[in-house]
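Chains, contacts and geometry: an overview
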Amino acid sequence: VELSGELKDFFAQICSYPDGAYQHLKDDISVILIHGGSDLLPAMDQELRARALDALHAQGVEVRLNTRLKEVGRDFITIGEKGSDIQETIPVGLTVWAAGNAPVPFVKELLSKLPPSAAGSAG
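Please read all numbers here as calculations on a predicted model, not as lab measurements.

1. Re the pairing of strand 5 (residues 87-91)
- Sheet analysis places strand 4 (residues 76-81) next to strand 5, joined by five bridges and oriented antiparallel. Within strand 5, the position partnered with Thr78 by the bridge is Thr89.

So, in structure tokens, the structure goes:
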């Protein structure tokens, strides 16, 4: 979430008139956030989640919730909404992947079975 906002700010700066070195790319750059959950930042309260989503939209970040990445190719990604067989292929020039900050439920369950001394920082 934070990375997509920072990327959008960075692209706006380098593509801005009159000082941006890449003004000619302004209409070719977009940021799409693909998120598997129904809400951004699920660890935060509902108001903060809504504010984060509103802030990203205000910056021009396209947010796709309940969406999974199916394939990453040389110049495309394929995504699909959770629970649907419909897929969409999007042409891309650059793909950036960033991990969340919580373990998936399976890993969380395994960590809960370890003694506290063995869990490390993830437990």
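Structure shown, so let's carry the discussion forward.
2. Description of helix 2 (residues 46-59)
- In this model helix 2 runs 20 Å from its N-terminal to its C-terminal C-alpha over 14 residues, within 8% of the 20 Å that 1.5 Å per residue would give.
- Those residues of helix 2 that fall on the buried side of the exposure criterion are Arg49, Ala52 and Leu56. In an axial view of helix 2, the angular spread of the buried residues amounts to 60°, which keeps them on one side of the axis. Opposite the buried face of helix 2, at more than 90 degrees from it, the exposed residues are Glu47, Arg51, Asp54 and Ala58.
- Structurally, helix 2 contributes buried residues whose contacts are with helix 1 (2-14), strand 1 (32-34) and strand 2 (62-64).
- Just downstream of helix 2, Gly60 is the residue with a positive phi angle, here 95°.

3. Side note on the nonpolar core
- Counting residues in each nonpolar core, the largest one holds seven residues, listed as Phe11, Val31, Leu33, Leu40, Leu56, Val61 and Val63.
- If we ignore the near neighbours within four places in the chain, the residues touching Leu33 are Val1, Ser4, Leu40, Leu56, Val61, Glu62, Val63 and Arg64.

4. Overview of the layout of surface pockets
- As a volume, the largest pocket reaches approximately 1700 Å³.
- Secondary-structure elements contributing two or more residues to the lining of the largest pocket are helix 1, strand 1, strand 3 (67-72) and strand 5.
- With five residues, helix 1 is the largest single contributor of residues to the lining of the largest pocket.
- For the lining of the largest pocket, the class distribution of residues is 29 nonpolar, eleven polar and five charged.

Reading the values: the criteria
- Residue positions are given per chain, counted from 1 along the sequence in the order it is written.
- Only residues with pLDDT of at least 70 get local features here, since the model is predicted, and only at 80 or more are side-chain atom pairs given and counted; chain-wide, interface and lining totals rely on the full set of residues.
- Based on all heavy atoms of the structure, the side-chain values leave hydrogens and waters out of the count.
- Any two strands with at least two DSSP bridges between them are considered paired.
- Helix numbering and strand numbering both begin at the N terminus, where a helix is a DSSP run of H or I of at least 4 residues and a strand a DSSP run of E of at least 2.
- An expected span of 1.5 Å times one less than the residue number is assigned to each helix.
- Type-normalised accessible area, obtained with a 1.4 Å probe on protein chains alone, sets the label of each residue: buried when under 20%, exposed when over 50%, and partly exposed for intermediate values.
- An arc is given here, and it is the one of the directions from the helix axis to the C-beta atoms.
- What makes two residues a contact is simply this: any of their non-hydrogen atoms within 4.5 Å.
- Among buried residues, the Ala, Val, Leu, Ile, Met, Phe, Trp, Tyr and Cys ones that are joined through side-chain atoms within 4.5 Å form a nonpolar core.
- Detection works on a 1 Å grid of protein atoms alone, calling trapped sets that fit a 1.4 Å probe cavities and calling open sets with protein on both sides within 12 Å along at least five of seven lines pockets, with lining residues defined by an atom within 4 Å of a point.
- Grid points are joined across faces, edges and corners, and a volume is the space filled by probe spheres set on the points.
- Ten residues, namely Ala, Val, Leu, Ile, Met, Phe, Trp, Tyr, Cys and Pro, are considered nonpolar, four, namely Asp, Glu, Lys and Arg, are considered charged, and the remaining ones, Gly among them, are considered polar.

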